[in-house]
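Geometric and topological summary
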Number of protein chains: 2
Amino acid sequence: MTYTYRHPRPSVTTDVLVFSIRERRLHVLLIQRGVDPFAGQWAIPGGFLRMDEDLADCAARELKEETGLDELAGLPLTQFRTYGAVDRDPRGRVISVAFLTLVPSDHLTVRGMSDASAAAWFAFDTLPPLAFDHAQILEDGRAHLADLVNPSISDSASVVFDLLPEAFSLSDAQNVFEILRGEALDKRNFRKWFDATWPLVETGETTTGPGRPAALYRRDTTGRD
Amino acid sequence: MTYTYRHPRPSVTTDVLVFSIRERRLHVLLIQRGVDPFAGQWAIPGGFLRMDEDLADCAARELKEETGLDELAGLPLTQFRTYGAVDRDPRGRVISVAFLTLVPSDHLTVRGMSDASAAAWFAFDTLPPLAFDHAQILEDGRAHLADLVNPSISDSASVVFDLLPEAFSLSDAQNVFEILRGEALDKRNFRKWFDATWPLVETGETTTGPGRPAALYRRDTTGRD
DNA sequence: TCAAAATTGTGTATATATTACACTATAATG
DNA sequence: CATTATAGTGTAATATATACACAATTTTGA
């Protein structure tokens, strides 16, 4: 079966940056390419758009196929930029619509599937060489992520709660913000701001481990977002 | 000449929102479609991507072809979103990468050309019915524009100087900000902020017309951006 | 020519948000 | 029981944002 057109057409793909926090560091999910071009190299998961699916659906499907990550139900895919340099793909003209998302470190069992020979998490600051223009995409996506959780820019900073367990300590919350924004925050100022922005209720439980136990909190959902 | 592929491919287009200020109101440049679908309806200028041009080049070329607007040299095209709903174009699957730009009201002589039967400026708050999903694109682009000139979000608010003449009054500047952001600003607070943000020098000239003459200023370019 | 209309220009006080900063409390570890 | 690790706490200074009203200068038209 072939498809014939009167004018040449580029291919269209979607790529998805899946960010997560593992061992207190920002990680991103990559796949190892099983086929040429760039066979064996690491790349952002993604693939070709089907004619009957929306862009975001394509992104979600490819992610599932290549990494097994399915739990995206609920977690939003944010479109952040489209890449279309003439020579970005040696196979020909390929336009790629890039998305990003954030997943909690729970549903994270990934496996290589289909034309990806492997899928794995990489710490963002020790990335392997990447296929195509994926290093650039990753850099742009990283900046977009930082903006997304910067309350003075975005107003959707509450996505961090998707990364936190039901009950969390204020240090946990601060860690998440620091990692996503990529900068250290003052403890007292953070607590003041965090508690003022999203009302919290103490669960009564505490953490154990070295150092003073931390009180655990839950979001006070008697209000809104 | 035809082009044959093993898998179906969508078409890729770019669309460009050209904003300007005319008679103290935000305007946008639209074209009247000369061919079906939506022949006779108004639409955002744009068109099909060629295989040898980058996305932004395509946007600039189509704009020139359809509206005669050429002076884009220097004025940045900002990519803000890509549209790809399955049914957004009755001709088939079309993915559209949307850009926006702002032009001063000087280089504004537009003419209908090629497959656009006419090009014209419309006040943003009295738009005609639009083809495709262009009403949605316009709405998104409008929001993006407002963010772009909101200094607490964007840091590229200095684009307003592209819309102002060399010598301008503080009221002129305030008008531009009010129109682009879509909200009224306090005169004294605006002047304080504007002058503190971009050092100005008085030219010594003044405006004439009804009311007290306004002093004209020029940006003090002994500094940076 | 003068009253009205239109527009420019000007300062202060208040509220809110942001930043800086250092020590005590409580547990685990060895 | 000393050390190490982490949690928890408040205040002052600064910067930013907001609110607000009237005098000055010109054109216009009665």
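Residues numbered from 1 in each chain as written. Chains lettered and ligands numbered in written order. Predicted model: local features only at pLDDT ≥ 70, side-chain atom pairs only at ≥ 80, totals over all residues. Heavy atoms only, no water.

Residue and element names in this part refer to chain A. Mapped onto the elements, H134 comes out in helix α2 (residues 134-148). The buried category is assigned to H134, whose relative accessible area is 4%. Here the side chain of H134 touches I44 through a polar contact of 3.0 Å, landing on its backbone nitrogen. When residues no more than four places from it in sequence are discounted, the contact partners of H134 are D15, A43, I44 and R88. (Helix = DSSP H or I, 4+ residues; strand = E, 2+ residues; numbered from the N terminus. Buried < 20%, exposed > 50% of the residue type's maximum accessible area, 1.4 Å probe, protein only. Polar contact = N/O pair within 3.5 Å; in protein donor to acceptor, adjacent residues only side chain to side chain. Contact = heavy atoms within 4.5 Å.)

Residue and element names in this part refer to chain A. Considered domain by domain, chain A is made up of domain 1 (11-148) and domain 2 (157-219). For domain 1 versus domain 2, the distance between C-alpha centres works out to 29 Å. Taken residue by residue, the interface counts 12 residues in domain 1 and 10 residues in domain 2. Of the roughly 970 Å² buried where domain 1 meets domain 2, counting both sides, 67% is carbon and sulfur surface. The largest share of the area that domain 1 buries against domain 2 comes from I21, R24 and L102, three residues that together contribute 45% of it. Our count for the contact surface shared by domain 1 and domain 2 stands at 0 salt bridges. Run the count over domain 1 and domain 2 and you get 2 residue pairs in polar contact (both at pLDDT 80 or more). Elements that contribute at least two residues to the side of domain 1 that touches domain 2 include exactly β3 (25-33) and α2. When residues of the side of domain 1 that touches domain 2 are assigned to their parent elements, the largest contribution, 4 residues, is made by α2. (Domains from an automatic or database assignment. Buried area = accessible area lost by both parts, 1.4 Å probe. Salt bridge = Lys/Arg side-chain N within 4 Å of Asp/Glu carboxyl O.)

Taken together, the contact pairs 30 residues of chain B with 30 residues of chain A. Here chain B meets chain A over a buried area of about 2,700 Å², counting both sides, of which 56% is carbon and sulfur. Seen at the junction of chain B and chain A, the total is 21 residue pairs in polar contact (both at pLDDT 80 or more). For the side of chain B that touches chain A, the secondary structure elements donating two or more residues are β1 (3-5), β2 (11-22), β6 (78-83) and β7 (94-102) of chain B. Taken together, the residues of the side of chain B that touches chain A sort by class into 14 nonpolar, 8 polar and 8 charged. (Nonpolar A, V, L, I, M, F, W, Y, C, P; charged D, E, K, R; others polar.)

As a further point, take the layout of surface pockets. Which parts of space are left empty comes out when a probe the size of a water molecule is rolled across the atoms. Each pocket or cavity is described by its volume, and for the largest pocket that value is around 1,200 Å³. F80(A), H144(A), D147(A), F80(B) and H144(B) are the residues nearest the centre of the largest pocket, which is lined by 24 residues in total. Among the elements of the structure, β6 (78-83) and α2 of chain A together with β6 and α2 (134-148) of chain B are those that each provide at least two residues to the lining of the largest pocket. Class assignment for the residues of the lining of the largest pocket results in 9 nonpolar, 8 polar and 7 charged. Here the second largest pocket is characterised by a volume of approximately 810 Å³. Around the second largest pocket sit 35 residues that line it, and T13(B), G47(B), F48(B), E62(B) and R91(B) are the ones nearest its centre. A per-class count over the lining of the second largest pocket returns 11 nonpolar, 9 polar and 15 charged. (1 Å grid on protein atoms, 1.4 Å probe; cavity = no way out; pocket = protein on both sides within 12 Å on 5 of 7 lines; lining within 4 Å. Points joined across faces, edges and corners; volume = space filled by probe spheres on them.)

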